Amino acid sequence: MYAFKCDKYIDLLLDYEVDDEGTSMIWRTTFTPSHAAQPAQYIWRNIVIDRKNCRVLCIDRLLKDGKTFGYVYVLQGETKQIPNGFHWDVTDQRHMLNVAPILEEQTELSVELLKTLTN
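Owing to the predicted nature of the structure, the values given are computational and were not obtained by experimental measurement. (Residues numbered from 1 in each chain as written. Predicted model: local features only at pLDDT ≥ 70, side-chain atom pairs only at ≥ 80, totals over all residues. Heavy atoms only, no water.)

Peer 1: Before we go on, may I ask you to explain the overall build of the chain in this structure?
Peer 2: Along the chain, the regular secondary structure elements total one helix and six strands. Across the chain, helices and strands are ordered from the amino to the carboxyl terminus as β-β-β-β-β-β-α. Within the chain, the proportion of its 119 residues that are buried is 36%. A separation threshold of at least 6 residues defines the contact pool for the chain, and within that pool the share at least 24 residues apart is 54%. Working note: accessible area of the chain is about 7600 Å², and carbon and sulfur atoms make up 55% of it. (Helix = DSSP H or I, 4+ residues; strand = E, 2+ residues; numbered from the N terminus. Buried < 20%, exposed > 50% of the residue type's maximum accessible area, 1.4 Å probe, protein only. Contact = heavy atoms within 4.5 Å. Areas by Shrake-Rupley, 256 points an atom, 1.4 Å probe, with all protein chains shown as cover.)

In structure tokens:
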């Protein structure tokens, strides 16, 4: 997990949105966002699947006073560089049931950050 802060607004179309209760709304495959800029009371999330490196990146962005804050969560699966121990490919669709609870835990961390920023 990596935390980041940017002194300006990052204008990137979201995959889905999470509110301060942890409720998710998928945008990318369902709707075009009705708002051009990210509302401060929502987390905008992007999921990047890198099959070549067996990696899933979950990027959560939050807005406060025109600045972007957030987390990048890295789920690393088995690669030729990491062959020892028990590993599984997080990009394999057969393992999505294992990836989903991890993303839920990460959502809880981001919701806590959102609540901290809004208070």
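Now that the structure is up, let's keep going.
Peer 1: Explain the packing of aromatic side chains here, please?
Peer 2: Remark: the centre distance and the inter-plane angle together describe each pair of aromatic rings, the angle taken between the planes. This model, assessed by the stated rule, comprises one aromatic pair. An angle of 45° between the planes, with centres 5.6 Å apart, marks the rings of Y71 and Y73 as tilted. (Phe/Tyr/Trp six-rings, centres within 6.5 Å; stacked < 30°, edge-to-face > 60°.)

Peer 1: Looking at this model, I keep getting lost on the environment of W88. Mind explaining?
Peer 2: As for its position among the elements, W88 is in the loop between β6 (67–76) and α1 (96–118). Here the alpha-carbon distance between W88 and E78, two residues ten residues apart in the chain, equals 5.4 Å. The residues touching W88, leaving out its near neighbours within four places in the chain, are G77, E78, H95, N98, V99 and I102.

Peer 1: What exactly am I supposed to notice about a negative patch on the surface here?
Peer 2: A contiguous patch of negative charge on the surface is contributed by E104, E105, E108 and E112. By the element assignment, E108 lies in helix α1. A relative accessible area of 55% means that E108 is categorised as exposed. (Patch = residues over 30% accessible without salt bridge, like charges linked within 9 Å, V, L, I, M, F, W, Y side chains within 5 Å. Salt bridge = Lys/Arg side-chain N within 4 Å of Asp/Glu carboxyl O. Lys, Arg positive; Asp, Glu negative; His and termini not counted. Charge placed at Lys NZ, Arg CZ, Asp CG, Glu CD.)

Read these as geometric descriptors, not functional statements.
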